[in-house]
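Summary of the model geometry
Letter by letter, the chains look like this.
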Amino acid sequence: MEPRILELRGEIDRINRELLKLLSERARIAAAIGEIQTELGLDHYDPVREEEMLAYLTAENPGPFSDAVIKKLFKEIFKASLVLQEREDKRKFLYSRETKPEDTTVRVKNAVFGGGPLVIAGPCAIESEEQMFNTADFLAGRGVTVLRGGAYKPRTSPYAFQGLGVEGLKLGRAAADRHGMAFVTEVMDTRDVETVAEYADILQIGARNMHNFALLKEAGRSHMPVLLKRGLSATVEEWFYAAEYILSQGNGQVILAERGIRTYEKWTRNTLDLSGAVLAKQLTHLPVVVDVTHATGRIELMAPLARAALAAGVDAVHVEVHPNPKVAMSDNNQQMDFAQFDDFLSKINDLLEPAASVG
Ligand code: PEP
Ligand code: MN
C-alpha cells in the first residue's frame, strides 16, 4: 500500500475514534436532557432548538461540505438522540416487560389468563334468556370458562340493533352463573362503567373505543379486569398506550386482544395481525387474546388462525357462538353454531390445556 495513503488512513482512523467519543458524549447529554423533559412532561422534540443548532452549524460551516450536507448529517445525529430518549421513556411504561419482567396473570372465576390457553366464547349480542342460557349450557359442557356477549353494541348504523342494555347484562350474568363462568361484556360509555361492573367480571373495551381515553381511564379506576381490543387502525404502539391509560390508574388487570386490523384486503373482514399479538407477548407482560371471529369474519379460517395464535404463545382465543346464527341480530355470517364450534374445538384441542378441551 502506498505509504502516503496509509498515513492518511491512520489520520482518518484517529478522527473516527474522536468522532465516536464525541457522539457518545453528545448522546449521554441528550439522554440527560430527555430525562429532565420527561420529568417535566415536556416533548423531547423541540423544533425551535433544532432550527437554532442548524443555523449556527451552517453559519460556521468551514467547508468543504455544503450547508445542505451538514444539515443532513446533523439531522441524523439529532434523530438518533431522539430515538434514544424515547426508548428510555418506554422502559418506564407500566405495560413494558422492562418495568415488570414476569408475566401478569388475571384471575377471573375459574379462568386464569396467563395460566394456560383459554377459550372465550359466546354470542355477539345478548338477545334473549333462551339464547344466552342455551349457549352458556353448551359452552360450559365443552369446558369453556369465559362467556362473552354484548349488551351494548357498537353498530355501524345507528338504526341497527343496539343491544338490550341492563336487561342484557342481567341475562349474561345469570347465564354465566349457571356454570360458574366468567362473564365478559363491552362497555362503550363512561356513564355505564359502574353498571356494567356490577354485572360483568371483565369489562371489554371494543376496537372502536380503544382511543376513548375517558373510557380507558374510567375502566382503570373501576379496578375491574379489562379486555382491551386493539383499534381498527391502531398501531401496536397506540394499543399499548391505550393499555397504559388503564394501568396508570392503578389497575393492573389488563388483557390485550388482537382482533384484526383494517387493510385493503376484502376477502377477510379484517386482517389478523399475528405479529402484533406476538409483539404484545414479547414487549408487554400482559395476557394476550386473539379474536379470530372479528379478525377473519370467515368460519373456515378460524381454526387455522386459532392454532397459529396458540402455537405462537397467546393466552386465549376468542370466538362468537350463537345457537342459530342465521337469525342473530348482529354479525350473522361470522358466528359459529354449536356444531361448527365443536368442529372448531376439535381442530384446536391439542393446543388447549386438558381443562378447556373436549372429551
Ligand atoms: C365484539 O367483540 O363484540 C366487538 C364488537 O368486537 P370489536 O370491538 O373487536 O369489533
Ligand atoms: Mn360481533
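See the structure above.
So, here is what we can say about the structure in this document. (Residues numbered from 1 in each chain as written. Chains lettered and ligands numbered in written order. Predicted model: local features only at pLDDT ≥ 70, side-chain atom pairs only at ≥ 80, totals over all residues. Heavy atoms only, no water.)

Here we look at the site of ligand 1
Near ligand 1, the surroundings consist of R148, K153, P154, E186, Q204, G206, A207, R208, K229, R259, H294 and E320. Q204 is positioned such that a nitrogen or oxygen atom in its side chain is 2.9 Å from an oxygen atom of ligand 1. R208 has a polar side-chain atom sitting 2.9 Å from an oxygen atom of ligand 1. When ligand 1 is considered free in solution it has 300 Å² of accessible area, and contact with the protein chains removes 97% of it. Here the shell around ligand 1 is composed, by residue class, of two nonpolar, three polar and seven charged. (Near = heavy atom within 4 Å. Polar contact = N/O pair within 3.5 Å; in protein donor to acceptor, adjacent residues only side chain to side chain. Areas by Shrake-Rupley, 256 points an atom, 1.4 Å probe, with all protein chains shown as cover. Nonpolar A, V, L, I, M, F, W, Y, C, P; charged D, E, K, R; others polar.)

Remarks on the packing of helix α11 (residues 299-311) against helix α12 (residues 338-348)
Between α11 and α12, the shortest axis-to-axis distance is 9 Å and the interhelical angle comes to 30°. As the angle between them shows, α11 and α12 are arranged roughly parallel. Our pair here, α11 against α12, has a crossing hand that is right-handed. Facing α11, whose interface residues are I299, M302, A303, A306, R307 and L310, α12 presents Q340, F344, K347 and I348. When its residues are assigned to classes, the contact of α11 with α12 shows seven nonpolar, one polar and two charged. (Axes fitted to C-alpha atoms, helices over the stretch in contact; angles between N-to-C directions. Helix = DSSP H or I, 4+ residues; strand = E, 2+ residues; numbered from the N terminus. Parallel < 35°, antiparallel > 145°, perpendicular 65-115°, else oblique. Left-handed = near helix turned anticlockwise from the far one by under 90°. Contact = heavy atoms within 4.5 Å.)

Purely geometric numbers; function is a separate question.
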